[in-house]
Amino acid sequence: MSTETFQAMAQSVMDGEKEEAARLARQAVAEGIDPLVAIDQGFVAGMRYVGEQYTLGEMFLPDLVLAAEAMKAAIAELEPEMARRGTARQVLGTVVIGTVEGDIHDIGKTLVGTLLSANGFKVYDLGVNVPLQTFLDKALEVNADIIGLSTLLTTTMINQRKFVQALEAAGVRSRFKVLVGGAPVTRSWAAEIGADGYSEDASGAVQAAIQLMQGG
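Described in the following lines is the structure provided in the data block. (Residues numbered from 1 in each chain as written. Predicted model: local features only at pLDDT ≥ 70, side-chain atom pairs only at ≥ 80, totals over all residues. Heavy atoms only, no water.)

**Topic: the overall build of the chain**
Across its full length, the chain holds 9 helices and 5 strands. The order of helices and strands in the chain, counted from the N terminus, is α-α-α-α-β-α-β-α-β-α-β-α-β-α. On C-alpha atoms alone, the chain measures out to a radius of gyration of 18 Å, which is about the 17 Å that the 2.2 N^0.38 rule sets for 216 residues. Dimensions of the chain along its principal axes, counting C-alpha atoms only, are 55 × 40 × 30 Å. The buried share among the 216 residues of the chain stands at 47%. Here the contacts in the chain between residues at least 6 apart in sequence split such that 73% fall between residues at least 24 apart. If you sum the accessible surface of the chain, you get close to 10300 Å²; carbon and sulfur atoms cover 51% of it. Here the chain carries 17 positive and 27 negative side-chain charges, and the mean point of each set is 6 Å from the other. (Helix = DSSP H or I, 4+ residues; strand = E, 2+ residues; numbered from the N terminus. Rg over C-alpha atoms; globule rule 2.2 N^0.38 Å. Buried < 20%, exposed > 50% of the residue type's maximum accessible area, 1.4 Å probe, protein only. Contact = heavy atoms within 4.5 Å. Areas by Shrake-Rupley, 256 points an atom, 1.4 Å probe, with all protein chains shown as cover. Lys, Arg positive; Asp, Glu negative; His and termini not counted. Charge placed at Lys NZ, Arg CZ, Asp CG, Glu CD.)

Below is the structure:
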C-alpha cells in the first residue's frame, strides 16, 4: 500500500470522515494489507495529530469526537480481518472507566473511553452512576491496569476519594492505577486523595494512561 494511501487514512480521521475511513479500511483488506499496519501507520497517525492539535487549542471537542468516531469506523472494518488472520493489536493496558455514583454525566467519560480504545487500550465502560463496589468488582474480574473515575459534580467528587480508600481497605491498592477526571477535578485534588493520575480533558487522559502504563 502506498504512502499516499496511509496519508489518506490519517486524513480521513483528521477530517472526521467516518465513511471515508471505513472505505479505506475495506480497501486495505481487499488489497491484502496487514490490518495492524493500516491502523498503526494510517489511522492512528491521524488520531495522534488530532489529539496534539486539540491540546494546542487548534482543534476543538467536536473535532475530537468526529475523529474518534472515524477511527472506530475504520477499526470496525478491520477487526474481522484481524480475527481471520489470528492477529490482534498490541494492548497497551486494560482500563475500567465510569462516572461515579450520583453523577449521570456521560459525554466526557464516553469520549475518554473511545480515545483510549483508539489508542490501543482495552476498555470496559461501566456507564454512569456507577457504585464504587462495581468499579472494584469489574477491575478484579478483568485484571485491569487502570481504573478511571469521572465526575462533573462537586458533590460527587468525594466518591473518588472514597474509592481510593476502598482499594486500600480491600488490600488491593497496589494492584491498580487510579485515574481521575471531570470538570471540577484538579491536579491538587488528585494528589490529595492519592490518585495516580489526572487529566482535565479526554486527550490528556490518553497521555496520562500511557504514562501510567510506562511507570510514570
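**Re the pattern of salt bridges**
Two side chains carrying opposite charge are able to pair once their charged atoms lie near each other. What the rule picks out here adds up to 10 salt bridges. Notably, a salt bridge pairs Glu77 with Arg26, separated by 3.1 Å at the nearest N-O pair. Within this pair, whereas Glu77 is found in helix H4 (residues 61-85), its partner Arg26 is found in helix H2 (residues 18-30), the two being separated by 51 residues in sequence. Put simply, Arg161 and Glu192 hold a salt bridge, and the shortest N to O gap is 2.6 Å. You can see Arg161 sitting in helix H7 (residues 158-169) and its partner Glu192 sitting in helix H8 (residues 187-193), a full 31 residues away along the chain. When its relative accessible area of 22% is taken as the criterion, Arg161 is described as partly exposed. Owing to a relative accessible area of 51%, Glu192 belongs among the exposed residues under this scheme. Here the residues in one salt-bridge network are Glu81, Arg84 and Arg85, joined through shared partners. (Salt bridge = Lys/Arg side-chain N within 4 Å of Asp/Glu carboxyl O.)

**Some details on the nonpolar core**
Counting residues in each nonpolar core, the largest one holds 42 residues, and the members touching the most others are Phe43, Met47, Leu64, Met71 and Leu115. If one sorts the elements of this core by residue count, H4 sits on top with 9 residues. Listed in part, the 25 residues of the second largest apolar core include Val100, Leu132, Phe135 and Val164. (Core = buried A, V, L, I, M, F, W, Y, C linked by side-chain atoms within 4.5 Å.)

**Examining H2**
Here H2 contains 13 residues, and its C-alpha end-to-end distance of 18 Å stays within 8% of the 18 Å for a straight helix at 1.5 Å per residue. Turning to H2, its buried residues are Ala21, Ala22, Leu24, Ala25 and Ala28. For H2, the arc enclosing every buried residue in end-on projection is 165°, short of the 170-degree limit, so these residues lie on one face. H2 presents Glu19 and Ala30 as exposed residues on the side facing more than 90 degrees away from its buried surface. Buried residues belonging to H2 abut helix H1 (3-14), helix H3 (35-56) and H4. Following H2 by one or two positions, Gly32 adopts a phi angle in the positive range, close to 75°. (Expected span 1.5 Å × (residues − 1). Arc of directions from axis to C-beta.)

From the geometry alone we can't say anything about function, so treat these as descriptive.
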